Amino acid sequence: MPELAASVQAALAGSPGIALGNIVGSNIANLLLILGLAVVLSPFAVPRGVLWRDGGVGLVCAVMLIAAGYTLGLTRGVGMLLVMGMFAYVYLAFRQEKAGADHGAAYDKALALEEIDPALVPSAKPHGSIVMAALFLLAGIVLIISGGSLLVDAAIAISARLGVSDEVIGLTVVAVGTSLPELVTSAIAAIKRQGEIALGNVLGSNIYNVLFIGGVTGIVAPAKIPGGILQFDLLVLLAVSAIVMLFAFTGGRLSRLEGSLLVAVYAGYTSVTADLI
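Residues numbered from 1 in each chain as written. Predicted model: local features only at pLDDT ≥ 70, side-chain atom pairs only at ≥ 80, totals over all residues. Heavy atoms only, no water.

1. Focus on the UniProt feature "transmembrane region" (unreviewed entry) in the protein
As recorded in UniProt, the feature "transmembrane region" (unreviewed entry) lies at residues 29-46, 55-72, 78-94, 130-156, 168-191, 203-223 and 229-249. Secondary structure across residues 78-94 comprises 100% helix and 0% strand; the distance between its end C-alpha atoms is 24 Å. Regarding residues 203-223, the helix share stands at 86% and the strand share at 0%, and the terminal C-alpha atoms are separated by 26 Å. (UniProt positions renumbered as here; feature names shortened; annotations may be inferred. Helix = DSSP H or I, 4+ residues; strand = E, 2+ residues; numbered from the N terminus.)

2. Topic: the packing of helix H2 (residues 16-41) against helix H7 (residues 166-178)
For the pair H2 and H7, interaxial distance at closest approach is 7 Å and the crossing angle is 50°. The orientation of H2 relative to H7 falls into the category oblique. The way H2 lies across H7 gives a crossing that is right-handed. Across the interface between the two elements, Gly17, Ile18, Gly21, Asn22, Val24, Gly25 and Ser26 of H2 pack against Asp166, Glu167, Gly170, Leu171, Val174, Ala175 and Thr178 of H7. (Axes fitted to C-alpha atoms, helices over the stretch in contact; angles between N-to-C directions. Parallel < 35°, antiparallel > 145°, perpendicular 65-115°, else oblique. Left-handed = near helix turned anticlockwise from the far one by under 90°. Contact = heavy atoms within 4.5 Å.)

3. Section: the environment of Thr172
Looking at the element boundaries, Thr172 is found in helix H7. Linking Thr172 and Asn22, residues 150 residues apart in sequence, is a C-alpha distance of 7.8 Å.

4. Overview of the environment of Val168
Inspection of the secondary structure assignment puts Val168 in helix H7. Counting along the chain gives 143 residues from Val168 to Gly25, while the straight-line C-alpha distance between them is 9.3 Å.

5. Description of the nonpolar core
The biggest cluster of nonpolar side chains holds 59 residues, and the ones touching the most others in it are Val24, Ile28 and Leu234. Top element by residues in this core is H2. It accounts for 13 residues. Not counting the four nearest positions on each side in its chain, Val24 is found in contact with Leu65, Leu171, Ile229, Asp233, Leu234 and Leu237. (Core = buried A, V, L, I, M, F, W, Y, C linked by side-chain atoms within 4.5 Å. Buried < 20%, exposed > 50% of the residue type's maximum accessible area, 1.4 Å probe, protein only.)

6. Let's talk about the side chain of Asn27
With respect to the helices, strands and loops of the structure, Asn27 is situated in helix H2. We classify Asn27 as buried; its relative accessible area is 3%. What Asn27 contacts, discounting residues up to four positions off in sequence, is Ser205, Asn206, Asn209, Val210 and Leu237.

7. Concerning helix H1 (residues 2-12)
Within H1, eight of the eleven residues are buried, leaving the element largely enclosed by the surrounding structure. Considered for burial, the residues of H1 that qualify are Glu3, Leu4, Ala5, Ala6, Ser7, Val8, Ala10 and Ala11. Contacts from the buried residues of H1 go to H2, helix H6 (130-162), H7, helix H8 (180-191) and helix H9 (195-220).

8. A look at the packing of H1 against H6
With their axes 8 Å apart at the nearest point, H1 and H6 run at an angle of 55° to one another. The angle between H1 and H6 places the two elements in the oblique class. In the packing of H1 onto H6, the handedness of the crossing is right-handed. Where H1 abuts H6, its residues Pro2, Ala5, Ala6, Gln9 and Ala10 lie against Ile144, Ile145, Gly148, Ser149, Leu151 and Val152.

9. Describing a nonpolar patch on the surface
A cluster of nonpolar side chains, namely Ile130, Val131, Met132, Leu135 and Phe136, defines an oily patch on the protein surface of about 560 Å² accessible area. Here Met132 lies in helix H6. The partly exposed category is assigned to Met132, whose relative accessible area is 40%. (Patch = residues over 30% accessible without salt bridge, like charges linked within 9 Å, V, L, I, M, F, W, Y side chains within 5 Å. Areas by Shrake-Rupley, 256 points an atom, 1.4 Å probe, with all protein chains shown as cover. Salt bridge = Lys/Arg side-chain N within 4 Å of Asp/Glu carboxyl O.)

10. Quick look at the packing of aromatic side chains
Tallying each qualifying case throughout the model produces two aromatic pairs. Ring geometry for Phe232 against Tyr269: centres 6.3 Å apart, planes inclined by 10°, an arrangement best described as stacked. Highlighted residues: Phe232 in helix H10 (residues 227-250) and Tyr269 in helix H11 (residues 256-276), separated in sequence by 37 residues. On the basis of relative accessible area, Phe232 is assigned to the partly exposed category, the value being 23%. Judged by relative accessible area, Tyr269 falls into the buried class, the value being 5%. Aromatic side chains Tyr266 and Tyr269 sit 6.1 Å apart centroid to centroid with 40° between the ring planes, which places their arrangement in the tilted category. Here Tyr266 pairs with Tyr269, and both are found in helix H11, just three residues apart, close to one helical turn. (Phe/Tyr/Trp six-rings, centres within 6.5 Å; stacked < 30°, edge-to-face > 60°.)

11. So, the confidence of the model for the protein
With 84% of its residues at a pLDDT of 70 or more, the protein has an overall mean of 82. Mean pLDDT in the protein bottoms out at helix H5 (residues 105-116), which sits at 64, and peaks at H2, which reaches 89. (pLDDT = per-residue confidence, 0-100.)

12. Remarks on H6
End to end, H6 covers 47 Å across 33 residues, agreeing with the expected 48 Å (1.5 Å per residue, within 8%). Taken residue by residue, H6 has Gly148, Val152, Ala155 and Ser159 as its buried positions. Among the structural elements, H1, H2 and H7 are those in contact with the buried residues of H6. Just past H6, the residue Gly163 takes up positive phi, approximately 75°. (Expected span 1.5 Å × (residues − 1).)

What follows is the structure in structure tokens.
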């Protein structure tokens, strides 16, 4: 939801660099920074089944964005196709869970959130009335939307003050800011020795970012994918997604050294991004 609020409001404000940069930058931050920090906190074995399935979907999502960028752009039609893809993914994930198959990223992401807030556990007894619950839901939505507005306005102001492009701010400041929930949930899962949940949370977030947030952004405010993001950052996302797939092939254990390397690569990426765009 933070990514959705920020990207949609940035697109409506005429800043596609922030809108698309937030989506692509968040996915890169998830795979390099957040996954790397989770591994540094607590090394864990890479579950091959989860990575092949959900990592593969994430890889396809990156290819879809690249294809859209070189053809139609993020039009309403493309946005609708992405949202339809999101519903199809959730439906298939639900069917797999019912069939007793290996848990996927959607399931792991839900568990990661439940670790943060026990009230999200389905078996937990509800507290308070439905009226209070509805009021809290409404208040949460208002805070997310207003927070997204503040984030976008501040990002545009920072971009103007520093004399850098919207893409740089979207790929770095906004992307990391909206990815903080994934950082917290993955870190807690890793500390509790639940590496598969930490990894599933990252993979699930990346799928949601492209299919749902990218789709809704295209529907609400169609835009071309900025050239810098298309020619560099999306290729970085594709390469990083492929590297994660290699982890599935080896089926080994991610060490603290490998986690540190992922974080170091992210630091290098942000430095290069600021120079290129």
